[in-house]
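Read off the chains here:
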Amino acid sequence: MERVHSSDSFPNQPIPPDPILSSSNTGRMTNMGHLFDPDAVNIISETNQDHPPSNADLCQLQSMLPNLAKFSPMFLAGNNLPSLLKLSAIGNSVDGSTRSLEVKLDNNARIRDQGKMLPASKDNGVDVLHEARFLPAPACPLSTLAKLAKTNLSNSPNLPVSDYDMSSFGMINAITPRGWNEAHLPESRGVQLKLYASKNCSNSTKASDRLSINQEGISVGDLHKDLVNHSEIRKALWAYTVAIAHARPWDRSALLIMTFMINNNFLCTELSPQHVCNFIDELIGINRQAFVCGEPPLTVSKIQSEFWDYKSRNFGGLPHPAYQRSVARRDPARPTYQKITAPTGKPLGPEPCRRYNKGVCPNQKNSCSIRLKSGSIIPLLHVCNHKLPTGALCRKDHAATIHN
């Protein structure tokens, strides 16, 4: 089809009206859908096959159909107009659905703010459940939630139980009775991560086995086994998170700790298992003190600051600039705040260099270090890493290859 360009070339022939811009077709085009007349689309499509659109035409097309702005000019030039109109219509329908869903959620939030009257009824936590149990989680800030929880639990404390359905989680005999008891008491000082390890649920940790006689009389010790590897720590932390979700559904502290640990690969490359367990116990203690003071638990960013402070206290160096210490949230009565010491009496510092102990380290004694995936640099010591019968490392100024 040949297009007429001007009236001067053919003075005796009138210029045919533009099929797109004619008054009969403009009424058939919507503002958002861009639904053109089929005959006009066929005319332009046939024309584009012989004359590819220029860059100016493509820019004009993208301005008329905003949903096509994400596509490259090469892609637009390689497709005919009906295909481009279909793409634009699909984009409009998706955007419209998203906008309508956002409006619906905003309206629901306003309806929720008006409040809902709930009837007074019995709730035994087993087969008779109140309607309030099935409401969504509170949308208030953690600071408001902490104050309300402190007020309500002071008047009506939780009753510790352990008959929750743990089989669905595959956690049969995964939480000790003491762990369940401590989980229901947010002000308790006795919460430790090892209480949520399955290996401590055996009969070997019963009370009669923890009795000992010494010069001061009869004392009760703690024979709960420590967590010795990162795998046990991951399972114990997940069990602790599940226990808190059942005992204190309003409490987000365990979920915040779990989120930080997942984001940082459970600190497998940062700390030894003993330090990881100790750090988690310290976080639990800080959250306990926060609840006592009516303050919110540690957020993920504040847990990161606590981690920088923990490393500075145990491995030397200055705290991170972003760390801000809050004395009110510290609980000095917890023994986990003390620096861990090795059986030899020396503080547990950076690990010995493995390459040095194999005789292949190219670094000098005072400049040996390793860069972790997180970007932090950990110094390594040129000391012996031979394990002594007591379980401690030799840590003397010689390689393990020449240890006597």
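Residues numbered from 1 in each chain as written. Predicted model: local features only at pLDDT ≥ 70, side-chain atom pairs only at ≥ 80, totals over all residues. Heavy atoms only, no water.

**Student:** Help me out: how do you make sense of unusual backbone geometry in this one?
**Tutor:** Residues other than glycine predominantly adopt negative phi, and peptide bonds predominantly adopt the trans conformation. Unusually for a residue other than glycine, Asn 173 sits at a positive phi of about 55°. Position of Asn 173 relative to the elements: it lies in the loop between α6 (142–155) and α7 (177–183). Phi is positive for Asn 265, close to 55°, though the residue is something other than glycine. Mapping Asn 265 onto the fold places it in the loop between α9 (253–263) and α10 (273–292). Take Asn 265: its relative accessible area is 47%, and that puts it in the partly exposed class. (Helix = DSSP H or I, 4+ residues; strand = E, 2+ residues; numbered from the N terminus. Buried < 20%, exposed > 50% of the residue type's maximum accessible area, 1.4 Å probe, protein only.)

**Student:** Where do I start with the packing of aromatic side chains in this structure?
**Tutor:** Each aromatic ring pair is described using two quantities: the centre-to-centre distance and the angle formed by the ring planes. Across all of its chains, the model carries seven aromatic pairs by this definition. Ring centres of Tyr 196 and Tyr 240 lie 5.2 Å apart, and the angle between their planes is 70°; on these two criteria the pair is classed as edge-to-face. Taken as a pair, Tyr 196 in the loop between α7 and β1 (211–214) and Tyr 240 in helix α8 (residues 230–247) lie far apart in primary sequence, 44 residues in all. The exposure class of Tyr 240 is buried, given its relative accessible area of 4%. (Phe/Tyr/Trp six-rings, centres within 6.5 Å; stacked < 30°, edge-to-face > 60°.)

**Student:** Help me understand the nonpolar core, please; the structure alone is not making it clear to me.
**Tutor:** The tendency in soluble globular proteins is for nonpolar side chains to be buried as a group. Core analysis: the biggest nonpolar cluster contains 41 residues, and Leu 193, Tyr 196, Leu 237, Tyr 240 and Met 261 have the highest contact counts within it. If you list the elements that add at least two residues to this core, you get α7, α8, α9, α10 and α11 (300–315). A total of nine residues in this core trace back to one element, the largest contributor, which is α8. The contacts of Tyr 196, once residues within four sequence positions are left out, are Ala 174, Ile 175, Gly 179, Glu 182, Ala 183, Val 191, Ala 236, Ala 239, Tyr 240 and Ala 243. Counting residues in each nonpolar core, the second largest holds eight residues, with Leu 61, Leu 65, Leu 81 and Leu 84 among its members. (Core = buried A, V, L, I, M, F, W, Y, C linked by side-chain atoms within 4.5 Å. Contact = heavy atoms within 4.5 Å.)

**Student:** Is there a simple way to explain empty space enclosed by the protein in this structure?
**Tutor:** If a probe as big as a water molecule is rolled over the atoms, it shows which places are left empty. All told, the structure shown has two cavities of 30 Å³ or more when counted by the stated rule. What the largest cavity holds in volume is close to 250 Å³. What lines the largest cavity is a set of 23 residues, and nearest its centre among them are Arg 248, Asp 251, Ser 253, Asn 287 and Phe 291. Where the lining of the largest cavity is concerned, the elements lending two or more residues are α6, α8 and α10. Looking at which element gives the most residues to the lining of the largest cavity, the answer is α10, with five residues. (1 Å grid on protein atoms, 1.4 Å probe; cavity = no way out; pocket = protein on both sides within 12 Å on 5 of 7 lines; lining within 4 Å. Points joined across faces, edges and corners; volume = space filled by probe spheres on them.)

**Student:** Looking at this model, I keep getting lost on the environment of His 386. Mind explaining?
**Tutor:** Along the chain, His 386 falls in the segment after β4 (377–379). Taking the C-alpha atoms as reference points, His 386 and Asn 404, separated by 18 residues in sequence, lie 9.8 Å from one another. Those residues in contact with His 386 that lie beyond four places of it in its chain are Ala 392, Leu 393, Cys 394, Ala 400 and His 403.

**Student:** Help me out: how do you make sense of α9 in this one?
**Tutor:** One turn of an α-helix holds 3.6 residues; hence residues three or four places apart share an orientation. What α9 keeps buried is the set Ser 253, Ala 254, Leu 256, Ile 257, Met 258, Phe 260 and Met 261. For α9, the elements touching its buried residues are α6, α8, α10 and α11. Directly after α9, the chain includes Asn 265, whose backbone phi takes a positive value near 55°.

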